[in-house]
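Breakdown of the fold
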Amino acid sequence: VPGAETRYSAQAMPLRDASGGSDGDPPRSDTVVSTGGRQGESSPLAPRFVAPLRREDPRIGTTVADKYRIARLLGRGGMARVYKAENLATGRLVAVKILHAELTSDDVTLARFEQEARAAAQIGHPHVVEVVDLGVEPGGAPFLVMEYVRGRSLSELLRAEGELPVSRACRIACQVLEALGAVHACGVVHRDLKPENILLTTEDGARDHVKLCDFGI
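Residues numbered from 1 in each chain as written. Predicted model: local features only at pLDDT ≥ 70, side-chain atom pairs only at ≥ 80, totals over all residues. Heavy atoms only, no water.

A separate point is the nonpolar core. Leu154, Leu157, Ile172, Val176, Ile198, Leu200 and Val210 are the most contacted members of the largest nonpolar core, which totals 17 residues. Those elements that provide at least two residues to this core are α1 (107-123), α2 (154-161), α3 (166-185), β13 (198-203) and β14 (206-212). Among the elements that line this core, the one with the most residues is α3, at six residues. Each residue touching valine 176, except ones within four places of it in the same chain, is listed here: Leu193, Ile198 and Val210. Counting 15 residues, the second largest nonpolar core, distinct from the first, contains Leu99, Val131, Met146 and Val149. (Core = buried A, V, L, I, M, F, W, Y, C linked by side-chain atoms within 4.5 Å. Buried < 20%, exposed > 50% of the residue type's maximum accessible area, 1.4 Å probe, protein only. Helix = DSSP H or I, 4+ residues; strand = E, 2+ residues; numbered from the N terminus. Contact = heavy atoms within 4.5 Å.)

In structure tokens form, the structure reads like this:
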């Protein structure tokens with residue numbers, strides 16, 4: 001894809017379950033999903049594993065926009081935090097990304113956050129993480145809500161299994177290309193394509209269904 005496509009970039013932030021338990025996935029250790037930022041800090045959202053959380057987040061147990069109950073923190077970074085949450089009306093699990101309070105007075109950051117959400121929402125492709133809602137908390141912090149993705153990143157798969165068979169690698173790569181085609185058709189440039197930003201889940205009984213995330217804001 002020509003590098004000249006630079007109208008704007010956007011970021012979709014999924015929430016991946018690493019712990020299993022009540023969500024029906026195999027139990028695994030509780031971890032934080034990195035969401036961008038400098039080396040060594042949890043950071044908007046390259047899903048790589050960093051140190052386990054030890055402190056309770058004050059938002060856990062609270063409700064966003066009177067409909068999204070925060071369950072736990074999965075990712076944090078220089079711009080925002082990402083939480084696992086439940087839509088109280090439908091029972092659907094979602095990912096909620098909330099901008100840090102200290103950045104709510106920064107007009108440039110607010111504009112980028114809103115642009116990111118609207119750009120990601122318009123893509124509407126089965127291989128791109130879906131943005132389902134956008135709003136502002138009473139305290140002024142904007143938030144966006146994304147689909148909840150159960151699975152692991154391509155990076156985790158490669159660490160666990162090593163070199164993939166050619167047929168499996170091609171199947172994953174073709175889905176990534178489909179996602180990028182949809183992204184570029186909307187005038188969006190990913191800017192941070194790497195194994196950590198390619199999520200693999202199970203869809204209709206088939207493994208390795210790709211969900212592209214983290215559009216490199």
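The subject of this paragraph is unusual backbone geometry. Phi at alanine 65 takes a positive value of approximately 55°, unusual for a residue other than glycine. Along the polypeptide, alanine 65 turns up in the loop between β5 (63-64) and β6 (68-76). Unusually for a residue other than glycine, aspartate 208 sits at a positive phi of about 65°. Within the secondary structure, aspartate 208 is located in strand β14. Judged by its relative accessible area of 5%, aspartate 208 is buried.

We now examine the pattern of salt bridges. In the structure shown here, the tally under the stated rule is 11 salt bridges. Here aspartate 208 and arginine 168 are joined by a salt bridge, their closest N and O atoms 2.5 Å apart. Here aspartate 208, found in strand β14, pairs with arginine 168, found in helix α3; they are 40 residues apart in sequence, far enough to count as distant. By the burial criterion, aspartate 208 is buried, and arginine 168 matches it. Residues joined by salt bridges that share partners form a network here, namely Arg152, Glu161, Arg168, Arg171, Arg207 and Asp208. (Salt bridge = Lys/Arg side-chain N within 4 Å of Asp/Glu carboxyl O.)

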